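What follows is the residue order along each chain.
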2 protein chains.
Amino acid sequence: MEKLKKYVSVKDEDHFYHQGAVELLIFNFLLILTILTIWLFKNHRFRFLHETGGAMLYGLVMGLIIRYVTKSPDVESGTVYECEELKSGPSTLLINITNQVYEYQYKREISHHNVNGHQGNAMLQKQMTFDPSIFFNILLPPIIFHAGYSLKKRHFFRNLGSILTYAFLGTAISCIVIGSISIYSPKENPNAFDAAAFFQSVGNFLGIFAGSFAMGSSYAVVTALLTKFTKLCEFPMLETGLFFLLSWSAFLSAEAAGLTGIVAVLFCGVTQAHYTYNNLSPDSKMRTKQLFEFMNFLAENVIFCYMGLALFTFQNHIFNPLFIFGALVAIFVARASNIYPLSFLLNLGRKQKIPRTFQHMMMFSGLRGAIAFALAIRDTESQPKQMMFSTALLMVFFTVWVFGGGTTAMLTWLQIRVGVDPDEDLKARAASQSAPNLDKNTTKAESAWLFRIWYGFDHKYLKPLLTHTGPPLTSTLPEWCDPVARLLTSPRAYGDQLKDGDSVYIINNDELTENYESSAHIAVPAQDSTASTQATGKEDIQEGDLGLGGYKLQLQHTAGQPQKNSLA
Amino acid sequence: MEKLKKYVSVKDEDHFYHQGAVELLIFNFLLILTILTIWLFKNHRFRFLHETGGAMLYGLVMGLIIRYVTKSPDVESGTVYECEELKSGPSTLLINITNQVYEYQYKREISHHNVNGHQGNAMLQKQMTFDPSIFFNILLPPIIFHAGYSLKKRHFFRNLGSILTYAFLGTAISCIVIGSISIYSPKENPNAFDAAAFFQSVGNFLGIFAGSFAMGSSYAVVTALLTKFTKLCEFPMLETGLFFLLSWSAFLSAEAAGLTGIVAVLFCGVTQAHYTYNNLSPDSKMRTKQLFEFMNFLAENVIFCYMGLALFTFQNHIFNPLFIFGALVAIFVARASNIYPLSFLLNLGRKQKIPRTFQHMMMFSGLRGAIAFALAIRDTESQPKQMMFSTALLMVFFTVWVFGGGTTAMLTWLQIRVGVDPDEDLKARAASQSAPNLDKNTTKAESAWLFRIWYGFDHKYLKPLLTHTGPPLTSTLPEWCDPVARLLTSPRAYGDQLKDGDSVYIINNDELTENYESSAHIAVPAQDSTASTQATGKEDIQEGDLGLGGYKLQLQHTAGQPQKNSLA
């Protein structure tokens, strides 16, 4: 028989629904304030606080008000019940009170100092009913999907090699450095380096990454096929709905299958933009763009408001100054040992080097945002995890306010021009130098070899299969596939053979399109060993982190530019 | 000291987040299926099952699968704890298990027969974590707002008198009839009619209605002023965001203040469409329309899917055949004693009568849908409320499938033409009858007197204040208000004096616009006693219920039409 002992306060609250409305209303007001502030900032060209920084600030103020100004409602004679037989908290508890059974649902673990000082303010308590899984499953996917869907493919594919290097090798270096700095932590288990465990982790990582990638792109492929082979485009609302639901399902399926939804939905977004977008009705093209833009905007601001709020209203903060300082040092050391050495190595193989100023800027862009927060809040049930959460929260505040706020100043100081299309700039300079004919071979070589392989496959097989464009499959597949090829090729593709918008990813000047078009038809297959000889390429630097709060810098890198700047 | 006794099963579940993803995924799949089905139906012009009926059907099938096919996971040694000291379930329970305090949150009351047969399927249990307040605060507002925002104002205002009669008097009659039929119920308290209580309820109703109306329109007025006096329209995303958040806040504020959010957000939608819409940038006009259209579509289908699911997965159904039958009879008797007598009375004052066929159709359109469900699921904590919920659910199924599915057949049988603009029709017939000049006085008298009063005030004061259109306030306000009037009038209004799109609400033929324009300037003030002499008007019949599942009929009523039909 379990025994229950009276212990501490329990609050009783009747008006569940009014309470729910009040909570949502608080968020609405915070967001309205944020929007008006953004407008004021934009109107007055004030750039030292980014909109997300503003959202956090308002959340912070509201958190302070909720914590210290609102009157704590009468706390009823509260009770902590003691239960000796159970070893851990079950997810559901049935309790018989005066012959009526009530169901209770597990919410969280409470640290002891909080139990003792438990000052039940109804608002504070309810605040945390903003279930962490809402962040993760509902607010995060649109942000990441939008990043993929609105990705500037041209810049992305041109710099594929460098981006992948920073993303994989860079993240691995960061992990190792941060991990090593934590072995200084007061934790037990100072194990020696375990090679087997290391390779197992690498294997796990690659497996999960590949699985998530496959999951995300499969959903996009299904969407592309559905929009290609049905006449759904006659009903833009249904089309948009299907597009939205299948894209979201990519995230949820990956999570449900134990993969990572973030990777899945990112690549789903990229693939949707690359294939499905072409099949949509003009109405749906606009609807999906605007819908995801809007959802991204809203979700991002909700998360940043909530972060501000959470600093004062989350009840289980554990601030450990040593851990916070150590973590802050660790992420910067890790970033430095990732950016500078990798840039050095990449520059060995690049014709157009990544200049020092850009490397400093990348160092400075190490912001933490929505993803870091969503990952940290996902599980705050044990005390080490609560400490992680508090630390991550402070890290977001620090990086967004200090680095985010200083971005404009830093760009000016490093003399980096932003918001200029490198192609336009290149053309303009080519014209002014009266050298209209750039060396064609240089231009061809500018394409990353990885992309050239991919492009051939995509152009010959995937585009014709998944969209109405590209060369007909009947001309690219072997002859014995003809019946299937005929079935799968859109009638529209036969007239389209020579048009392909993607050629711009490879070449720089529109004048050279015909030059590339001929080379596309002799595109190297994946196994061709000569492909690796074209490994150098002109590359732009892209923002490295996603969901870092809307800092969308379009850094520009063109040959000769840095030198010009350094003289100015 | 409270005692806990072992009683029945408690389930432990680790993977909260995966579980959450699986639940959302199930809904996504149901919605995807629904969308594909809608498309198939539209494609094959199949009209005997409406899309919302289809959504319910899929939900039902999924509910069956979850209930009978999925394997119930291992149920741990479960426990119902007994607690003698508490009188009712507190909202939060703190439990000390092996020196660690866990917090539990109140979920619901469980009826005894369910406790005894408690077969804890994790899926079933988690299903109900789809918090009812989500329906009410998140899914319902966009549906109702959309109804208001996309309301055909022309039809609405022309028939204001009849609509208000059906809405207020009709609802009151229905309430009384349903209430009387329930005094036959096996409940206690057969009180005699209490006149004081009756008038108090009427007073309460009017007070809450007026308060909600004021709340809803205030938010719209604030939005109109913000969009008029700032240059927010330069940033369509911010504008759309503000519009969205303020409109939602109307609902939430009303709920938080103890008013009714449904009324608030409906009138907020109407007011936003009437004023704010004019101030929006062209981009935002489209964005807001499409956003709310999409949200309405999604929310409606989620609710109908969930209804299907709830029939098999809600664990506390109480099906009382007598109550269900009684309720079904009651709503039909109530509807009959509302439609027919009121139509008779209205027809006494109408030049163009509401024909019998239309009355039958209104009788047949008594569908229950999202609102009925959201209201019923809002509170299922006690057993009578669970019985109400189960009954309401069956009522929705019955009315949506039987009446909804039979709508097309019924319209054909009653020979009612749909989807025809009455004005166009009138013009066409006027032309064919070679009687181009309809009697001007008749046309003027066709406008409802209530609307004429309103129109004068709106045209002279509200439109110039809240939008960029209408006559300048300097010409409509008394002279001593000039400084304020000058400040509040948009510079654009001075050129706009003679243009006002609203004139179409009052007159029927474009040729007569100039005739109305002159009469608008001598518009009767609210106190003018002659206004009531113009009480007759041409009226269209509008759908009476909101949120009934997307049955948007545009019934048409033009003079002479019914007679023609009855001869056909």
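Residues numbered from 1 in each chain as written. Chains lettered and ligands numbered in written order. Predicted model: local features only at pLDDT ≥ 70, side-chain atom pairs only at ≥ 80, totals over all residues. Heavy atoms only, no water.

Participant: Can you help me understand the environment of Leu31(A) in this one?
Facilitator: Structurally, Leu31(A) can be placed in helix 1 (residues 16-43). By relative accessible area, Leu31(A) is classed as buried at 5%. Considered as a pair, Leu31(A) and Val302(A) are 271 residues apart in the sequence and their alpha carbons are 7.0 Å apart. Ignoring anything within four residues of it in the chain, the contact list for Leu31(A) reads Asn301(A), Val302(A), Cys305(A) and Leu245(B). (Helix = DSSP H or I, 4+ residues; strand = E, 2+ residues; numbered from the N terminus. Buried < 20%, exposed > 50% of the residue type's maximum accessible area, 1.4 Å probe, protein only. Contact = heavy atoms within 4.5 Å.)

Participant: Explanation requested: the packing of helix 9 (residues 236-256) of chain B against helix 11 (residues 282-313) of chain B in the structure shown.
Facilitator: A pair of packed helices is captured by two measures, namely the crossing angle of their axes and the spacing between those axes. Residue and element names in this part refer to chain B. Where helix 9 contacts helix 11, the axes come no closer than 9 Å and their chain directions differ by 45°. Relative to helix 11, helix 9 is oriented oblique. In this structure, the crossing between helix 9 and helix 11 has a hand that is right-handed. Contacts between helix 9 and helix 11 involve Pro 236, Met 237, Glu 239, Thr 240, Phe 243 and Phe 244 from the former and Asp 283, Ser 284, Arg 287, Thr 288, Leu 291, Phe 292 and Met 295 from the latter. (Axes fitted to C-alpha atoms, helices over the stretch in contact; angles between N-to-C directions. Parallel < 35°, antiparallel > 145°, perpendicular 65-115°, else oblique. Left-handed = near helix turned anticlockwise from the far one by under 90°.)

Participant: Looking at this structure, how should I read a nonpolar patch on the surface?
Facilitator: All names here are of chain B. On the surface, a cluster of nonpolar side chains totalling about 560 Å² of accessible area is made up of Ile 176, Phe 198, Phe 199, Val 202, Phe 205 and Leu 206. Sorting elements by how many residues they give to the nonpolar patch places helix 8 (residues 195-229) first, with five residues. Take Phe 205: its relative accessible area is 43%, and that puts it in the partly exposed class. (Patch = residues over 30% accessible without salt bridge, like charges linked within 9 Å, V, L, I, M, F, W, Y side chains within 5 Å. Areas by Shrake-Rupley, 256 points an atom, 1.4 Å probe, with all protein chains shown as cover. Salt bridge = Lys/Arg side-chain N within 4 Å of Asp/Glu carboxyl O.)

Participant: Before we go on, may I ask you to explain the nonpolar core in this structure?
Facilitator: Generally speaking, soluble globular proteins have nonpolar side chains that are buried together. Counting 183 residues, the largest nonpolar core has Phe373(A) and Phe373(B) as its most contacted members. The element contributing the most residues to this core is helix 11 (residues 282-313) of chain A, with 16 residues. One finds Ile95(A), Tyr104(A), Ile95(B) and Tyr102(B) within the second-largest nonpolar core, a separate group that totals eight residues. (Core = buried A, V, L, I, M, F, W, Y, C linked by side-chain atoms within 4.5 Å.)

Participant: I keep staring at the state of the cysteines and nothing clicks. Help me out?
Facilitator: Two cysteines joined by a covalent bond between their sulfur atoms form a disulfide. Here the structure, examined in full by the defined rule, presents zero disulfides over all chains. Free cysteine: Cys268(A), not disulfide-bonded; nearest cysteine sulfur from Cys233(A) at 20 Å. (Disulfide = S-S within 2.5 Å.)

Participant: Help me understand the packing of aromatic side chains, please; the structure alone is not making it clear to me.
Facilitator: As enumerated under the stated definition, the model contains 56 aromatic pairs over all chains in all. Taking the centre distance of 6.0 Å and the plane angle of 75° together, the rings of Phe168(B) and Phe205(B) count as edge-to-face. Residue Phe168(B) is located in helix 7 (residues 160-183), and its partner Phe205(B) is located in helix 8; the two are separated by 37 residues in the primary sequence. Among the residues examined, Phe168(B) registers a relative accessible area of 27% and is labelled partly exposed. With a centroid separation of 6.0 Å and 65° between ring planes, the pair formed by Phe398(B) and Phe403(B) is classed as edge-to-face. In this structure Phe398(B) comes out as partly exposed when scored by relative accessible area, which is 34%. The class for Phe403(B) is buried, based on a relative accessible area of 11%. Through successive ring pairs, a cluster of aromatic residues spans Phe145(A), Tyr149(A), Phe243(A), Phe244(A), Trp248(A), Tyr277(A), Phe292(A) and Phe294(B). Lys285(A) extends its terminal NZ or CZ atom over the ring of Tyr277(A), reaching a point 5.3 Å from the ring centre. (Phe/Tyr/Trp six-rings, centres within 6.5 Å; stacked < 30°, edge-to-face > 60°. Lys NZ or Arg CZ within 6 Å of the ring centre and 35° of its normal.)

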